[in-house]
Amino acid sequence: MSSIVGNTHVLRANLPGTREEDCYSWNYESIDEIKTELAAQEYLQSLIRRHRFDIDTLVEVPPGVESLAWLYEHMRQICVELGYYLSTLHGECTELGCSVMRASETTYYCAGHGRPRPCSAMGYSVHTLDYAVRQLGSAASFPDRRHVLDSEIKHFQSMARRLYRVFAHAYFHHREVFERQEATTGLYARFVRLARKYELTPESLIIVPELPTTI
Ligand SMILES: [Zn+2]
Ligand SMILES: [Zn+2]
C-alpha cells in the first residue's frame, strides 16, 4: 500500500529481501491514513514502534475508535508481545525450579484444563496466554472487535487477572528477566496502566510495587 503524506510519497510494502524484523516498519501519523479493516490494529502497532515507552500516548483512544475497541486492540497486542516475553522467560523458569505457579507467596491454579489444577509456572503462563488468545479470537466472546460491548468487559477482566500473575511471577521469582524485559519492552507498565484505566483488576491484586516506569 502507498500513500501521499504532504508532498512525500511513502511506500508501505515489504519489498523482497526485507529482513523479518524490518517488516511492516512503516508509520502512520494518523489513523485516518489507514483504510483497511484492521486500521486500529495497524495504528496501534505503528504507535508502539515510535512511542513504546510513552504510555500516555499509547493508551489515549484515537479519534474514530471506540474506547473498548482500543482496549481490545491493546489486549491482542499484549498477547503477541507476551509470547516473545515467555520465550525469554523460558530459559530461567523451568519445570523443576518453578513446579507450581506462584507470585510472591500465593499459589495459583491453572484454569487451562477444564477443571483448575496446579501447573508449573511456565505451563500456567503458556496455558493462560493460549486461553486469552482464544477468548480474543472467539466470535462468541467478541462478535465485533470494532464495537465491544460493556457486557463483554468481563472477558477482559478474567484474562487480565490471570495474565497479571505471569508478570507477577516474573517479578517475584525472576527479577533480572523482568527488569531486562521491562527496560526493553515496557510491556508490564503498559499492561498495568490499561488494567487500571479500564478497572480490569482490583487494586488489591496489583502486587508488583510501583516501578519507575509504572508510576
Ligand atoms: Zn518461574
Ligand atoms: Zn495449565
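Trainee: For this particular structure, what's the right way to read the overall build of the chain?
Mentor: Scanning the chain from N- to C-terminus turns up 7 helices and 4 strands. A total of 215 residues make up the chain; the buried ones form 45% of that total. Within the chain, contacts between residues at least 6 apart in sequence are counted, and of these 61% link residues at least 24 apart. As presented, the chain carries roughly 11,500 Å² of accessible surface, and 52% of it is formed by carbon and sulfur atoms.

Trainee: Can you walk me through the pattern of salt bridges in this structure?
Mentor: Enumeration according to the criterion identifies 6 salt bridges in this entry. When the shortest N-O distance is used, the salt bridge between Glu203 and Arg196 registers 2.5 Å. Taking the relative accessible area as the measure of exposure, Glu203 reaches 48% and is therefore partly exposed. Take Arg196: its relative accessible area is 28%, and that puts it in the partly exposed class.

Trainee: Help me understand the nonpolar core, please; the structure alone is not making it clear to me.
Mentor: Among the nonpolar cores identified, the biggest contains 64 residues, and Met75, Phe156, Phe178 and Tyr188 are the most heavily contacted of them. Listing elements by their share of this core, those giving two or more residues are helix H1 (39-51), helix H2 (55-59), helix H3 (67-89), strand E3 (101-103), helix H4 (121-137), helix H5 (153-173), helix H6 (175-185) and helix H7 (187-197). In terms of residues, this core owes the most to one element, H3, which gives 12 residues. Both domains that furnish three or more residues to this core are identified here as domain 1 (1-65) and domain 2 (66-215). For Phe156, the contacting residues outside a window of four places in its chain are Leu68, Leu71, Tyr72, Met75, Leu136, Phe142, Val148 and Leu200.

Trainee: Help me understand H4 in this model?
Mentor: Quick reminder: α-helices carry 3.6 residues per turn. Residues three or four places apart thus point the same way. If you check H4, its first and last C-alpha atoms are 24 Å apart, about what 17 residues at 1.5 Å a residue would give, namely 24 Å. Buried residues of H4: Ala121, Met122, Gly123, Tyr124, Ser125, Thr128, Leu129, Tyr131, Ala132, Gln135 and Leu136, and no others.

Trainee: Please clarify how the coordination of the zinc ion (ligand 1) should be interpreted in this entry.
Mentor: By definition of the ideal shapes, four donors in a tetrahedron about a metal sit 109.5 degrees apart, and six donors in an octahedron sit 90 or 180 degrees apart. Protein coordination at the zinc ion (ligand 1): the donors are Cys93 (SG), Cys98 (SG), His169 (NE2) and His174 (NE2), at 2.0 to 2.3 Å from the metal. Here the donor residues for the zinc ion (ligand 1) map to a single chain with the spacing C-x4-C-x70-H-x4-H. On the criterion of sequence distance, the pair formed by Cys93 in the loop between H3 and E3 and His169 in helix H5 is long-range, its members being 76 residues apart. Like His169, Cys93 is buried.

Trainee: What exactly am I supposed to notice about the side chain of Arg165 here?
Mentor: As for its position among the elements, Arg165 is in helix H5. For Arg165, which is buried and forms no salt bridge, the nearest opposite charge comes from Glu105, at a distance of 15 Å. Of the polar contacts made by the side chain of Arg165, one reaches the side chain of Tyr124; its length is 2.8 Å. The residues contacting Arg165, other than those within four sequence positions of it, are Met101, Ala103, Tyr108 and Tyr124.

Trainee: Just to check I follow, could you spell out the coordination of the zinc ion (ligand 2) for this structure?
Mentor: Of the protein atoms, only Cys110 (SG), His113 (NE2), Cys119 (SG) and His127 (ND1) coordinate the zinc ion (ligand 2), at distances of 2.0 to 2.3 Å. Classification of the site at the zinc ion (ligand 2) as tetrahedral follows from its 4 donor atoms and the range of 101 to 122 degrees in their angles at the metal. All donor residues of the zinc ion (ligand 2) come from one chain, and their arrangement in sequence is C-x2-H-x5-C-x7-H. Linking Cys110 in the loop between strand E4 (106-108) and H4 with His127 in helix H4, this pair joins segments that are 17 residues apart in sequence. The buried category is assigned to Cys110, whose relative accessible area is 1%.

Trainee: Mind showing me how you'd approach the packing of aromatic side chains here?
Mentor: The geometry of an aromatic ring pair is captured by two quantities: the separation of the ring centres and the angle between the planes. Per the stated rule, a full pass over the model turns up 11 aromatic pairs. When the ring of Tyr43 is compared with that of Trp70, the centres are 6.4 Å apart and the planes differ by 40 degrees; the resulting orientation is tilted. Of this pair, Tyr43 sits in helix H1 while Trp70 is found in helix H3, placing the two residues 27 residues apart along the sequence. The buried category is assigned to Tyr43, whose relative accessible area is 10%. What makes Trp70 buried here is its relative accessible area of 0%. Through a chain of ring-to-ring contacts, three or more aromatic side chains come together here, namely Tyr85, Tyr164, Phe167, Tyr171, Phe172, Phe178, Tyr188 and Phe191. The side chain of Arg162 reaches across the aromatic face of Tyr131, ending 4.8 Å from its centre. The ring of Tyr171 carries the charged tip of Arg175 above its face, separated from the ring centre by 3.7 Å.

Calculation notes
- Residues numbered from 1 in each chain as written.
- Chains lettered and ligands numbered in written order.
- Predicted model: local features only at pLDDT ≥ 70, side-chain atom pairs only at ≥ 80, totals over all residues.
- Heavy atoms only, no water.
- Helix = DSSP H or I, 4+ residues; strand = E, 2+ residues; numbered from the N terminus.
- Buried < 20%, exposed > 50% of the residue type's maximum accessible area, 1.4 Å probe, protein only.
- Contact = heavy atoms within 4.5 Å.
- Areas by Shrake-Rupley, 256 points an atom, 1.4 Å probe, with all protein chains shown as cover.
- Salt bridge = Lys/Arg side-chain N within 4 Å of Asp/Glu carboxyl O.
- Core = buried A, V, L, I, M, F, W, Y, C linked by side-chain atoms within 4.5 Å.
- Domains from an automatic or database assignment.
- Expected span 1.5 Å × (residues − 1).
- Donors = N, O, S within 2.8 Å, 3.2 Å for Na, K, Ca; no water.
- Lys, Arg positive; Asp, Glu negative; His and termini not counted.
- Polar contact = N/O pair within 3.5 Å; in protein donor to acceptor, adjacent residues only side chain to side chain.
- Tetrahedral: all angles 85-135°; square planar, octahedral: opposite > 155°, others 65-115°.
- Phe/Tyr/Trp six-rings, centres within 6.5 Å; stacked < 30°, edge-to-face > 60°.
- Lys NZ or Arg CZ within 6 Å of the ring centre and 35° of its normal.

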